[in-house]
Amino acid sequence: MGKTMAEKIFAAHCGREVSAGELVVAEVDFMMGQDGTSPLAIRAFRELGGERVKDPSRVALVIDHSAPSPLEGVSNLHAMMREFAAEQEVGLYDVGRGVCHCLLPEQGHVAPGELVIGADSHTTTYGAVNAFSTGVGSTDLAAAMLTGKLWFKVPESLRLELRGKLGEGVYSKDVALFLAGELTADGATYMAVEYGGEVISSLSVEARFTISNMAVEMGAKAGLMEADDKVLSWLKGRVSRPFRPAAPDRDAVYREVRELDLGGLTPMVAEPHRVDAVRPVEEVEGTPVHEAVIGTCTNGRLEDLEVAARILSGRRVSPEVRLIVAPASRQVFLEAMERGVVRALVEAGAALVTPGCGPCVGTHNGVPADGETVISTANRNFKGRMGNANAFIYLASPATVAASAVAGKITDPRRML
Amino acid sequence: MREDMVLRGRAHVFGDDVNTDYIISGKYKFKTLDMDELACHCMEDIDPAFASRVQAGDFIVAGNNFGCGSSREQAPLVIKHAGVGAVLARSFARIFFRNAVNKGLPVVECDTSGIQAGDELEVDLAGGKVVNITRGTEMDIVPLPAVMMDILSEGGLTEYLKNHGGFEL
C-alpha cells in the first residue's frame, strides 16, 4: 500500500513502517520556542526535573513576538530565555534577528524529510521545504528538549492538486486565503495537507512558505510540499547535512484528494473576524483603511517587500493611513536595503519596525484604535488579535495591502501594477 | 482511575471556532507566567463578564473547533485557573486539545447541541458519558487514545513523564 509524505517522514523517525491513525514515539530533528511559549517550556522543563537538554544543537529559542520588549514583565521573561539558552548552550535568536518561521529555514535548521516541532502554531511553514513540521504546546516542547522525542498520531492526509496559472497581481497569499475560505477554519483538522500541482511548482520557495504557513488556519497539523529542484537549490548554502526528501507514492492512500483550478483566481481578502471569511477584493473595494501592515511569518520575506515597493515607488501612502513594515528577519532587512526596497518603502511613507511579530499579535508596534480598520499581510484577523477588540482586521497579500495603503481604502492591486 | 474523573457543574455556552486569542488575548499573555492573574481575562474579548461569573467546577460548552489558532499553552491553563472543571465541545482544534490534556484540563468531545446556558451537567470521564441533569438527556464521549487518558488521569504530562520516565504507547 502506498504511503503519503507524512507517513514516510514518521516511518523514518520511528524506525518502522507506519500508517495514518497509528500512535508513534518519534525522534525530533529540530525544536523551537518563541517568547510567548518558551518561558512556560522552561518552567515545565524544570518541573520535569530536567538538568540538561538532550541535544542542544537541535534547539533554538527565538525572541520575536514582543521584541524589543515594551514592558518590564516581558523583559523579565526574555531574560529567563537568555539565561536558559546560555546555561543549556542552545541557540538563541535575540531581539532583531527576526520571526522564528523566517529564521529557521533561512538559517538552515530545517531540511526535507525532517521532523520539526515548534511551540508556535505556524510551525507548519516548513512543510514548504518538505519537513513535517507542526505546532505544539510548551510542555510538549519541554518533554522533547529533555528526551529528544515526542509522541504523535500519524495523521491522515488531504491532497490538494492546485491547477492552472495564477494571473497578474495574484500571489501565493491569495491562494492561501482562497483555500482557507474553501476548506474553512476546521476543514483539515488533524490532517496533513499535501499541496501539489502546477500552481505550487510555478511558485518560488519563498512564496510557498506563505501557503504552508496558513495550513494551520484550516486546522491542519502540517502543510507539506515536495522537495523539487527549486527547494533543493534554495537549500544550497543553507543546509550542508545529508537529508532524505519524502515524496508520496502514486498509490498513497488519502482521506480525500481535491483538485482546484486556480486559473481564474483574483486577489482575495479575509474579512473581520474570521480567516475563512474570504471574498474577492472586488467585493470589498472602497472600505476605508486606517492602518496597513506588511510583514509577519506569512508575508515578511524579501519578495513580499519587493512587491510592495514596486507598488509604492513613485506613490505616497495616503495621509489617512499608517503603513507599518516589519521585515521578517535581519537578513531580509539587509537584502531589502541593498536592493533599494527599504528606501522605496520609507520614501513612500512607511514606518519600518524591528524584524519580529509585534503588530500581528497585539503586543506593540501598531495597536489600532477603537473602530479602526486595518489591512494586514498576517494570517489571523480574530477580534482583538492586534490588541484592540474594537478594531477590524482584513487580511490580504502584500500587493493588496500596499495598494490599499496608497488609496486609503481597500483596493485591487491590479490597478497599480 | 481517580474519583475526580466524575465532574459536576453548570454550563457556560459558546459557539463555534472559539480561538485561543479569545481564551486569552496576546496582549496579556506575553507579560507574565502568573496564570491566576491571566485568568481574570479569560474569554474577555467575547464575554467580558465570564471571568467574574464562572464558579469553580463550571463547564465551558462549545460547538466545533474549540481552541483553534495559536499553540499557547496559556489557553488551557487560564481556563483551568479560572476554575473551569472541563471543556465540552463538538470538536476541538488539535494543539489546544493536546495542550489541555498535557496540563490536566479535561476536554470532552461530545454532541453539545442540546446543552443550554446554566444546565447542570455530570461528566463521567472514565465511563464516557455526559448527563444533562437539567434536561434529562445523555451524550456519549468520543474516547481518548489510551496514552492521553493516562496523561489526563495522572494530572498532566509533567506528572506522567515523572511516573513513567518516557512515553508508553
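Residues numbered from 1 in each chain as written. Chains lettered and ligands numbered in written order. Predicted model: local features only at pLDDT ≥ 70, side-chain atom pairs only at ≥ 80, totals over all residues. Heavy atoms only, no water.

Undergrad: What's the story with the overall build of chain B in this structure? I'm lost.
TA: A tally of helices and strands in chain B yields eight helices and seven strands. What you see for chain B is a C-alpha radius of gyration of 15 Å, in line with the 15 Å of a compact globule of 169 residues. With respect to the principal axes defined by its C-alpha atoms, chain B has extents near 40 × 40 × 25 Å. In chain B, the share of contacts with a sequence separation of at least 24, taken over all contacts with a separation of at least 6, comes to 63%. For chain B, the computed accessible surface area is about 6300 Å², with 47% contributed by carbon and sulfur atoms. (Helix = DSSP H or I, 4+ residues; strand = E, 2+ residues; numbered from the N terminus. Rg over C-alpha atoms; globule rule 2.2 N^0.38 Å. Contact = heavy atoms within 4.5 Å. Areas by Shrake-Rupley, 256 points an atom, 1.4 Å probe, with all protein chains shown as cover.)

Undergrad: Could you clarify how one ought to interpret the pattern of salt bridges in this entry?
TA: Side-chain pairs of opposite charge can arise whenever the charged atoms involved come near each other. In total, this model carries 38 salt bridges over all chains according to the counting rule given. The shortest N-O distance in the salt bridge between Glu194 of chain A and Arg159 of chain A comes to 2.8 Å. A residue pair is termed long-range when its members are at least 10 positions apart, and Glu194 of chain A in strand β9 (residues 192-196) and Arg159 of chain A in strand β8 (residues 157-163) qualify at 35 residues. The pair formed by Glu194 of chain A and Arg159 of chain A is uniform in burial state, with each residue classed as buried. A salt bridge links Glu73 of chain B to Lys103 of chain B, with the shortest nitrogen-to-oxygen separation between them at 3.5 Å. With a gap of 30 residues between them, Glu73 of chain B in the loop between β2 (59-62) and α5 (74-81) and Lys103 of chain B in the loop between α6 (94-102) and β4 (107-109) connect regions that are remote in the sequence. Like Glu73 of chain B, the residue Lys103 of chain B is buried in the burial classification. (Salt bridge = Lys/Arg side-chain N within 4 Å of Asp/Glu carboxyl O. Buried < 20%, exposed > 50% of the residue type's maximum accessible area, 1.4 Å probe, protein only.)

Undergrad: Honestly, the side chain of Ser71 of chain B in this entry has me stumped. Any pointers?
TA: Its place among the elements puts Ser71 of chain B in the loop between β2 and α5. Accessibility expressed as a relative area gives 2% for Ser71 of chain B, which makes it buried. Separated by 3.1 Å, the side chain of Ser71 of chain B and the backbone nitrogen of Asp120 of chain A make a polar contact. Sequence-distant contacts of Ser71 of chain B, defined by excluding residues within four places in its chain, comprise Thr37, Ala119, Asp120, Ser121, Val136 and Gly137 of chain A together with Ile95 and Asn99 of chain B. (Polar contact = N/O pair within 3.5 Å; in protein donor to acceptor, adjacent residues only side chain to side chain.)

Undergrad: Before we go on, may I ask you to explain the interface of chain B and chain A in this structure?
TA: Often, the extent of an interface is quoted as the loss of accessible area on bringing the components together. At the junction of the two partners, chain B supplies 42 residues and chain A supplies 52 residues. Both sides of the chain B and chain A interface together cover about 3900 Å² of buried area, and 59% of this is carbon and sulfur. On the chain B side of the contact with chain A, Phe30, Leu33 and Arg94 of chain B bury the most area, a combined 21% of that side's loss. Where chain B meets chain A, there are three salt bridges. (Buried area = accessible area lost by both parts, 1.4 Å probe.)

Undergrad: What am I meant to see in the sheet that holds β4 of chain B here?
TA: Backbone-to-backbone hydrogen bonds join strands into a sheet, with any given pair of strands oriented parallel or antiparallel. Residue and element names in this part refer to chain B. Reading across from one edge, β4-β3-β2-β1-β5-β6-β7 is the order of the seven strands in this open sheet, with mixed pairing throughout. A single partner strand is all that each edge strand has here, and the edge strands are β4 and β7 (137-140). Averaged over all neighbouring strand pairs, the angle between strand axes comes to 30°, with direction disregarded. Pairing between β2 and strand β3 (residues 86-89): four bridges, direction parallel. Within β3, the position partnered with Phe59 by the bridge is Ala86. (Pairing = 2+ DSSP bridges. Axes fitted to C-alpha atoms, helices over the stretch in contact; angles between N-to-C directions.)

Undergrad: Help me understand the domain arrangement of chain A in this model?
TA: All names here are of chain A. On domain assignment, one finds that chain A holds domain 1 (5-242 + 251-260) and domain 2 (272-415). Placing the centre of domain 1 and that of domain 2 at their C-alpha centroids yields a distance of 24 Å. Between domain 1 and domain 2, the residue contacts involve 40 residues of the former and 36 residues of the latter. Summed over both partners, the interface of domain 1 with domain 2 comes to about 3000 Å²; 56% of that surface belongs to carbon and sulfur atoms. Of all residues in domain 1, the largest losses of buried area upon contact with domain 2 belong to Val99, Lys173 and Glu206, amounting jointly to 18% of the total for that side. Applying the counting rule to domain 1 against domain 2 returns one salt bridge. Counting residues per element, the ones that place at least two in the side of domain 1 that touches domain 2 are α4 (100-106), α6 (172-183) and α8 (205-213). Element by element, the count of residues in the side of domain 1 that touches domain 2 is highest for α6, at six residues. When the residues that make up the side of domain 1 that touches domain 2 are grouped by side-chain class, the tally is 16 nonpolar, 15 polar and nine charged. (Domains from an automatic or database assignment. Nonpolar A, V, L, I, M, F, W, Y, C, P; charged D, E, K, R; others polar.)

Undergrad: What is the right way to read the state of the cysteines from this model?
TA: Note on terminology: disulfide describes a covalent bond linking the sulfur atoms of two cysteines. All names here are of chain A. Within the structure shown, the criterion is met by zero disulfides over all chains. Residue Cys297 stays outside any disulfide, its sulfur separated by 6.5 Å from that of Cys357, the closest cysteine. Cysteine Cys360 is unpaired, with the sulfur of Cys297 as its nearest cysteine sulfur at 6.6 Å. You can call Cys360 buried: its relative accessible area is 8%. (Disulfide = S-S within 2.5 Å.)

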